[in-house]
Amino acid sequence: MKTLRFAGATHCALLLTGGGTALASGFSVYIADAAASGKAGVAIANPTGASTIFYNPAGLSWVDDQVQMGLTFLAPDSNFAPGPVMDAAWAGTYAQVLDESYSQDTGTFIIPHTFINWNWTDRISLGAGIYSTYGLGVEWEQDFPGRYFNTKAELKSIFFTPTISWKLSDDWSVGVGLNIVKTEVNFQRNIPSFVILYGIMASIPVNPLPALAWNDPMFDGRSELDVDDWGWGVNI
């Protein structure tokens with residue numbers, strides 16, 4: 001007689017990302033099972049539970065019927081310090097940026113995951129998982145020197161992965177999962193004031209605004225991109 005087991009896992013991760021990293025505060029969540037994480041990756045070949053849907057779908061053939069749920073906590077922290085060779089046209093006035101360090105607005109991300117496995121026969125196992133493998137959460141102050149590239153970015157992904165595994169023998173199995181992915185993106189940045197004012201000021205002989213207005217975030221415009229879409233892939 002088969003029984004249905006429930007397993008839970010909680011993980012905490014602190015991401016300290018340096019200013020030189022191109023994708024600051026972007027995260028890849030390669031954590032779906034506390035036991036698997038404790039084995040330092042060997043769970044790919046030695047499944048610890050239904051989370052093998054994420055690590056290796058063929059492993060379902062070696063897992064008892066079960067439902068597995070857990071949470072991953074992420075607390076990213078990024079800082080940016082301009083260098084002495086920074087382009088003044090991008091960063092603003094040298095005196096304003098060279099001796100300053102900028103920190104993003106911090107936040108905590110809670111990422112849930114759920115996996116279920118059912119051994120339909122002695123040879124065929126069925127399962128499904130709902131989880132997230134990557135995302136992004138960044139928000140900078142309005143006087144951040146890189147505000148013309150980014151002031152806020154959010155990337156959310158949700159994976160739904162129905163999976164089947166076939167046990168070929170006592171030593172071999174194969175598995176495949178269909179990744180159905182929902183993704184949402186929100187991207188915001190400032191528009192330089194000199195771009196906005198260029199058309200207005202071109203016909204005026206003398207600029208009535210102070211020189212710093214050209215680089216003052218108070219005079220900047222705002223741009224926002226907000227999209228969402230569906231995608232799919234295969235996990236073998």
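For the structure itself, look to the data block above.
Structural notes, computed from the coordinates. (Residues numbered from 1 in each chain as written. Predicted model: local features only at pLDDT ≥ 70, side-chain atom pairs only at ≥ 80, totals over all residues. Heavy atoms only, no water.)

So, the overall build of the protein chain
And step 1. Within the protein chain one finds five helices and twelve strands.
And step 2. For the protein chain, the proportion of its 236 residues judged to be buried stands at 39%.
And step 3. Taking as baseline every contact in the protein chain between residues at least 6 positions apart, the subset at least 24 positions apart corresponds to 71%.
And step 4. Of the roughly 13400 Å² that the protein chain leaves accessible, carbon and sulfur atoms contribute 63%. (Helix = DSSP H or I, 4+ residues; strand = E, 2+ residues; numbered from the N terminus. Buried < 20%, exposed > 50% of the residue type's maximum accessible area, 1.4 Å probe, protein only. Contact = heavy atoms within 4.5 Å. Areas by Shrake-Rupley, 256 points an atom, 1.4 Å probe, with all protein chains shown as cover.)

Focus: empty space enclosed by the protein
And step 1. Within this structure, the stated rule accounts for one cavity of 30 Å³ or more.
And step 2. A volume near 40 Å³ is recorded for the largest cavity.
And step 3. In this structure, the largest cavity is lined by Val29, Ile31, Ala32, Phe54, His113, Tyr131 and Ser132. (1 Å grid on protein atoms, 1.4 Å probe; cavity = no way out; pocket = protein on both sides within 12 Å on 5 of 7 lines; lining within 4 Å. Points joined across faces, edges and corners; volume = space filled by probe spheres on them.)

A short note on the nonpolar core
And step 1. Ala32, Ala36, Ala43, Ala50, Ile53, Phe54, Tyr55, Leu60, Phe115, Tyr131, Phe159 and Val181 form the largest nonpolar core, which has twelve residues in total.
And step 2. Broken down by element, this core gets its largest block of residues, three residues, from helix H2 (residues 52–55).
And step 3. In contact with Tyr55, not counting residues within four places along its chain, are Tyr30, Ile31, Ala32, Asp33, Ala36, Ser37 and Ile44.
And step 4. In this structure, Phe80, Val138, Trp140 and Phe144 belong to the second largest nonpolar core, which totals five residues. (Core = buried A, V, L, I, M, F, W, Y, C linked by side-chain atoms within 4.5 Å.)

Quick look at a negative patch on the surface
And step 1. On the surface, Glu100, Asp105, Glu139, Glu141 and Asp143 cluster together into a negatively charged patch.
And step 2. You can see Asp105 is positioned in the loop between strand S6 (102–103) and strand S7 (109–119). (Patch = residues over 30% accessible without salt bridge, like charges linked within 9 Å, V, L, I, M, F, W, Y side chains within 5 Å. Salt bridge = Lys/Arg side-chain N within 4 Å of Asp/Glu carboxyl O. Lys, Arg positive; Asp, Glu negative; His and termini not counted. Charge placed at Lys NZ, Arg CZ, Asp CG, Glu CD.)

Thoughts on the packing of aromatic side chains
And step 1. Evaluation of the coordinates by the stated rule reveals six aromatic pairs.
And step 2. Taking 4.9 Å as the distance between ring centres and 85° as the angle between the ring planes, the aromatic pair formed by Phe54 and Tyr55 counts as edge-to-face.
And step 3. By relative accessible area, which is 11% here, Phe54 ends up buried.
And step 4. On the basis of relative accessible area, Tyr55 is assigned to the buried category, the value being 11%.
And step 5. Consider the rings of Tyr131 and Phe159, whose centres lie 5.5 Å apart with planes at 20°: the pair is stacked. Residue Tyr131 is located in strand S8 (residues 124–131), and its partner Phe159 is located in strand S10 (residues 152–167); the two are separated by 28 residues in the primary sequence.
And step 6. Using a relative accessible area of 6% as the deciding quantity, one classes Tyr131 as buried.
And step 7. For Phe159, a relative accessible area of 10% puts it in the buried group.
And step 8. Pairwise contacts between aromatic rings join Phe54, Tyr55, Phe115, Tyr131, Tyr134 and Phe159 into one cluster. (Phe/Tyr/Trp six-rings, centres within 6.5 Å; stacked < 30°, edge-to-face > 60°.)

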